Amino acid sequence: MMDGDRKSDRLVVAEKLANKDEATSKAAASTAEPVERRSLAKGNLSQQNAGRILDRMTVQSALGRIRQAAVKDKRVKFTSLMHHIYDLSMLREAYYQLKRDAAPGVDGATWQGYGEKLEENLADLSARLRRGAYRARPVRRVFITKEDGRQRPLGVTALEDKIVQRATVEVLNAIYETDFLDFSYGYRPGKSQHNALDALYVGLEQKVDWVLDGDISAFFDKLDHEWLIKFVEHRIADRRVVRLIRKWLNAGVLEKGQWSCSEEGTPQGGSASPLLANLYLHYAFDLWVQHWRKIKAQGDMIVVRWADDFVVGFQHRHDAEQFHKELAERFAKFNLKLHPEKTRVIEFGRYAAERRKRRGQGKPETFNFLGFTHICGKRKSDGRFTVLRRTMSKRKRNKLKAVKAELRERMHQRVAEVGKWLRSVIEGHNRYYGVPTNRPALGSFRHHVGRYWSRTLRRRSQRQRRTWERMRRLIALWLPWPKLHHPYPSRRCAVST
């Protein structure tokens, strides 16, 4: 026993062999002294957690070796990667990284159901991958409504395809994360939307007077398969991995019970789609932009890209116009097209307001990026130029519509239950949109949520009317006040660099 009142750990006995000789008969073996089992010390990890930690260490060790080889030689081609993908530790780690409540694909398999016989299922999947018997299933097509009212197609991948894609992405990320450029932020490990917004904010406060706000029309639907495979083969010489990617691209789409072949595009929603999209744009856009900036740009130039949305800032107008023209020609080569309505060159920067006022053209134009409207403004303290960021009006309206509809569904729930839900909604809204200069928009969102809640409560009864005094107390109790969760970008960038 240990000194003091604290309890000691349970007895831990070293495992010993049974008291019998190797030549002992079966009958004698049955009467031999049994083996003493090792007991877990209090506070030790469970066997399942310990196994996952070992898996993670094994996976990270393998990925580290791949990453070192990729950094050492930027032109090396990897000829043997498939054994990393069908490794049981890699597949098991990929399974645990999946969303547990995700919608099932065409196979109907769920995360929980697959995990009931996890080791058996993963062993079978690994064997099929090893001998080339793995077959990708069609993607189940669903549609969601976009902000402009159009339908965006999403693909729901089968569970085993998600596992294999996740494992493949982990292996390929070890290579391509050493190649991707710093201004590419979309769906990359360790890079968030706010990292892209901060980089854009800092860049716009430099020598930027013109902005190209760009968007690729139906990028995920128009992605050319043959060009994508060529881009993959720049670094991947393992034919089995290339064949695996082809299987996903050619699996087709299942919509309303009808299968259709997909000769171009990659369905949004799959685990491999973000990496394939970044890979495509790395060669079609990023490398070309980097070369253009060094060779043709007359002045300063900044670039920030999130998937198929990008913002390019220029010091001179002729650079912006020439870049816009040549970019359209560049994209046409790779079967891509700039969105005619969302792509435009605008005057933006520290001198934009003064110049436009002199020409009698009014205030500088604004542009949207990652849910924020970027506006030319001035600091209250010293009147110097700054970039104001406000929540996009479309995003705010759509979110308020969704809240209003959900309140109707929760009309007869207890006030406390609805209050907890509304608190989580506003806190989530504040965590993303809580940036400096956006406090008025956060307050407006909270105000409208409180109004919709008040209307819903009044409709519960025609006899009892809730007074505004009581409603204000409920709003103050359950709806959190606006809070800025993100510091000024200059401070964040100074810390990160």
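Small disclaimer: the values here were computed from a predicted structure and weren't measured.

How each quantity is defined
Position labels on residues start from 1 in each chain and follow its written sequence. For this predicted model, a pLDDT threshold of at least 70 governs which residues receive local features, and a threshold of 80 or more governs which side-chain atom pairs are given and counted, while totals over whole chains, interfaces and linings are taken from all residues. Calculated side-chain values reflect all of the structure's heavy atoms, with hydrogen atoms and water omitted. Definition of nonpolar core: a set of buried residues of the types Ala, Val, Leu, Ile, Met, Phe, Trp, Tyr and Cys, connected through side-chain atoms within 4.5 Å. Burial here depends on accessible area, computed with a 1.4 Å probe over protein chains only, as a share of the maximum for the residue type. Under 20% is buried, over 50% is exposed, and the range in between is partly exposed. Strands here are runs of E lasting at least two residues and helices are runs of H or I lasting at least four, both read from the DSSP assignment and numbered beginning at the N terminus. Pairs of residues are marked as contacts when any of their non-hydrogen atoms sit within 4.5 Å. Note on scores: pLDDT gives the predictor's confidence for each residue, bounded by 0 and 100. Put simply, a salt bridge is a Lys or Arg side-chain nitrogen that is within 4 Å of an Asp or Glu carboxyl oxygen. Polar contact is defined as a pair of N or O atoms within 3.5 Å, subject to the rule that within protein one atom must be able to donate a hydrogen and the other to accept it, and that residues adjacent in sequence are counted only when both atoms are side-chain atoms. Strands are treated as partners if at least two bridges between them are detected by DSSP. The angle between two axes is taken between their N-to-C directions and runs from 0 to 180 degrees, where each axis is a line fitted to C-alpha atoms and a helix contributes only its stretch in contact.

Engineer: Explanation requested: the nonpolar core in the structure shown.
Structural biologist: Nonpolar side chains in soluble globular proteins generally cluster together in the buried interior. By size, the foremost hydrophobic cluster in this structure holds 80 residues, and its most contacted members are Ile 163 and Phe 323. The biggest single contributor to this core is helix α12 (residues 273-295), with 12 residues. In contact with Ile 163, not counting residues within four places along its chain, are Leu 91, Ala 94, Tyr 95, Leu 98, Tyr 114, Leu 122 and Leu 125.

Engineer: Please clarify how the confidence of the model for the protein should be interpreted in this entry.
Structural biologist: Interpretation of this model should avoid reading the predicted coordinates in detail wherever pLDDT is low. Scored by pLDDT, the protein comes out at a mean of 85, with 84% of its residues at no less than 70. Within the model, the stretch residues 1-47 combines pLDDT values under 50 with 33 contacts to residues more than four positions away or in other chains.

Engineer: Please clarify how the pattern of salt bridges should be interpreted in this entry.
Structural biologist: A side chain of one charge can pair with a side chain of the opposite charge when the charged atoms of the two come close. For the structure shown, the criterion picks out 21 salt bridges. For the salt bridge of Asp 179 with Arg 235, the shortest nitrogen-to-oxygen distance reads 2.8 Å. Of the two residues, Asp 179 sits in the loop between α7 (159-176) and α8 (193-204) while Arg 235 sits in the loop between α10 (225-232) and α11 (239-249), which places them 56 residues apart along the sequence. Residue Arg 235 is classed as buried on the basis of its relative accessible area, which comes to 2%.

Engineer: Is there a simple way to explain the side chain of Thr 373 in this structure?
Structural biologist: Looking at where Thr 373 falls in the secondary structure, it is placed in strand β10 (residues 372-378). Of the residues examined, Thr 373 reaches a relative accessible area of 13% and is grouped as buried. For Thr 373, the side chain forms a polar contact with the side chain of Asn 368, separated by 2.7 Å. With near-sequence residues (within four places) excluded, Thr 373 lies in contact with Thr 366, Phe 367, Asn 368, Leu 388, Arg 389, Arg 390 and Met 392.

Engineer: What is the right way to read the sheet that holds strand β8 (residues 344-347) from this model?
Structural biologist: Sheet strands line up and pair through hydrogen bonds in the backbone, either parallel or antiparallel. If you trace the four strands from one edge of the open sheet to the other, you get β6-β7-β3-β8, paired in antiparallel fashion. Strands with a single pairing partner mark the edges of an open sheet, and in this sheet they are β6 (301-306) and β8. Between one strand axis and the next, the sheet turns by 15° as a mean value, whatever way the strands run. Relative to strand β7 (residues 309-314), β6 runs antiparallel, the two sharing six bridges. Directly across from Ile 302, in β7, lies its bridge partner Gly 313. Relative to the sheet, α8 contacts β3 (210-215), β6 and β7, its axis offset from that of β6 by approximately 165°. The sheet strands contacting α12 are β6 and β7, and the helix crosses β6 at an angle near 175°.

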